[in-house]
Amino acid sequence: MALTDFARELVEQAFHPLQPEGAQFDLPVEQFVDIVSPLKPRFIHHPKTMALLRALLADIGEDMDRTYFDLPRMRVATTGGYLTAGVAYVLHPHRDIWYASPPSQLNWWLPLFPFEAESSFAFHPRYWNEPVPNSSADYNHYEWNKVGRAQAAKEVKSDTRKQPKATVPLQLEPDVRVVCPPGGLLLFSGAHLHSTVPNTSGRSRFSIDFRTAHHDDLERVGGAPAIDRACTGTTLFELKRASDLQPVPPEIIKLYDPAPPADGEGLVFKAAATSGGM
Ligand SMILES: [Fe+2]
């Protein structure tokens, strides 16, 4: 609750005097982007965000010495197709593991305002253990960090970043949409096929999310089925240990990428926008 309260306060400050969920009706889309673009990094890199996130992990009973987490993201899903690119990218069906996440990754997703099935995101459980032909072979995580995110703030009308996508038609229904109040959270495997639902609720939806991985799962390369991924690179350089913010040990990273770029380019993102989100 403290984490979502803090995030919501930042959103409200940024849109003041407008009410964030309805601000899109009073703002030209370019101005909306100008508000959201700096809001995201402000939340992501705020020291209070990190403190509250770690407090949440401790509160929920994580083993802080064996849990790694990344910085949280903030998402906005506007209603009625107002803004669907860049800072409000509408995520096509994907698995986070197509974006170089480890198969043991858990996703934590928290709403900032009450929301409903018409403004949520959907799981497509049929594909949990059924491979989906996709373009993840074209995705390199370090290239994404160098190029993709820098572009996100510029994308207003369309999104040209190369994202891993299914290359065949999918059966997306029946889907599963889980709704919880602010202060609740959805915790799910990064290997689940999921997608943003076109928001028809009449209100912008604001949410935050972050990822964790457990040391023991990483060490044994365990986790969910990784049945259809061909991406390169790994997100593990971006994770920090919950107890003391130490990085994932190199001997573990080697299991996921034996030869990361020697110059260190793109290992860690500088300004986050979207990747494998919801
Ligand atoms: Fe995702």
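Source: prediction; values computed, not measured.

Focus on the pairing of strand 7 (residues 205-214)
Counted residue by residue, strand 7 has nine buried out of ten residues, so it is predominantly covered. Across three bridges, strand 1 (residues 67-69) lies against strand 7 in antiparallel orientation. In the strand pairing of strand 7, F69 is matched with T212. Looking at chain direction, strand 3 (residues 106-111) and strand 7 are connected through six bridges and run antiparallel. Each bridged residue has a counterpart across the sheet, and for P111 the counterpart in strand 7 is S207.

Side note on the confidence of the model for the protein chain
Mean pLDDT over the protein chain stands at 92; residues scoring 70 or higher make up 92%. Across residues 272-276, confidence stays below pLDDT 50; counting only partners more than four residues off in sequence or on other chains, it has 25 contacts.

Focus: the packing of helix 1 (residues 2-15) against helix 3 (residues 47-59)
Running from amino to carboxyl end, helix 1 crosses helix 3 at an angle of 155 degrees, the nearest separation of the two axes being 9 Å. Taken together, the axes of helix 1 and helix 3 are roughly antiparallel relative to one another. In the packing of helix 1 onto helix 3, the handedness of the crossing is left-handed. Residues A2, L3 and F6 of helix 1 touch helix 3, and the partners they reach there are K48, T49, L52, L53 and L56.

Regarding the packing of aromatic side chains
Inspection of every chain in the model, using the stated rule, returns 14 aromatic pairs. The rings of F15, F32, Y82, F113 and F206 are connected pair by pair, giving a single aromatic cluster.

Describing the pattern of salt bridges
The full count for this structure, using the stated rule, is 14 salt bridges. Across the pair D70 and R73 runs a salt bridge, and its minimum N-O distance is 2.7 Å. Two residues, R211 and D70, come together in a salt bridge whose shortest N-O distance is 3.4 Å. Of this pair, R211 sits in strand 7 while D70 sits in the loop between strand 1 and strand 2 (73-77), placing them 141 residues apart in sequence.

Focus: the side chain of H92
You can see H92 is positioned in the loop between strand 2 and strand 3. Judged by relative accessible area, H92 falls into the buried class, the value being 13%. Of note is the side chain of H92, whose polar atom sits 2.8 Å from the backbone oxygen of P164. What H92 contacts, discounting residues up to four positions off in sequence, is Y99, Q163, P164, K165, H194 and S195.

With respect to helix 3
Taking 1.5 Å as the rise per residue, helix 3 with 13 residues should run 18 Å; its terminal C-alpha atoms sit 18 Å apart, in good agreement. On its buried face, helix 3 is in contact with helix 1, helix 2 (29-44), strand 1, strand 3 and strand 7.

Points about the packing of helix 1 against helix 2
Relative orientation of the contacting elements helix 1 and helix 2 amounts to 150 degrees, with a least axis distance of 10 Å. Judged on the interaxial angle alone, helix 2 and helix 1 are roughly antiparallel. In the crossing of helix 1 with helix 2, the sense of the turn from one axis to the other is right-handed. Packed against helix 1, whose contacting residues are A7, L10, V11, Q13, A14 and F15, the element helix 2 presents F32, I35, V36, L39, R42 and F43 at the interface. Each residue belonging to the contact of helix 1 with helix 2 can be placed in one class, and the counts come to ten nonpolar, one polar and one charged.

Looking at the pairing of strand 2
Among the five residues that make up strand 2, five are buried, leaving the element largely enclosed by the rest of the structure. Side-chain alternation along strand 2 places R73, R75 and A77 on one buried face and M74 and V76 on a second face that is also buried. Where strand 2 and strand 7 come together, five bridges link them in antiparallel fashion. Pairing of V76 across the sheet is with F206, part of strand 7.

Topic: the nonpolar core
Membership of the largest hydrophobic core comes to 36 residues, with the highest contact counts inside it found for V11, F15, L57, M74, L112 and I208. Counting residues per element, the ones that place at least two in this core are helix 1, helix 2, helix 3, strand 2, strand 3 and strand 7. It is helix 2 that provides the largest number of residues to this core, a total of eight residues. Not counting the four nearest positions on each side in its chain, M74 is found in contact with A7, V11, L39, K40, F43, L112, S207 and I208. In this structure, I97, W98, W144 and L193 belong to the second largest nonpolar core, which totals 14 residues.

What counts and what doesn't
Residues numbered from 1 in each chain as written. Predicted model: local features only at pLDDT ≥ 70, side-chain atom pairs only at ≥ 80, totals over all residues. Heavy atoms only, no water. Buried < 20%, exposed > 50% of the residue type's maximum accessible area, 1.4 Å probe, protein only. Helix = DSSP H or I, 4+ residues; strand = E, 2+ residues; numbered from the N terminus. Pairing = 2+ DSSP bridges. pLDDT = per-residue confidence, 0-100. Contact = heavy atoms within 4.5 Å. Axes fitted to C-alpha atoms, helices over the stretch in contact; angles between N-to-C directions. Parallel < 35°, antiparallel > 145°, perpendicular 65-115°, else oblique. Left-handed = near helix turned anticlockwise from the far one by under 90°. Phe/Tyr/Trp six-rings, centres within 6.5 Å; stacked < 30°, edge-to-face > 60°. Salt bridge = Lys/Arg side-chain N within 4 Å of Asp/Glu carboxyl O. Polar contact = N/O pair within 3.5 Å; in protein donor to acceptor, adjacent residues only side chain to side chain. Expected span 1.5 Å × (residues − 1). Nonpolar A, V, L, I, M, F, W, Y, C, P; charged D, E, K, R; others polar. Core = buried A, V, L, I, M, F, W, Y, C linked by side-chain atoms within 4.5 Å.

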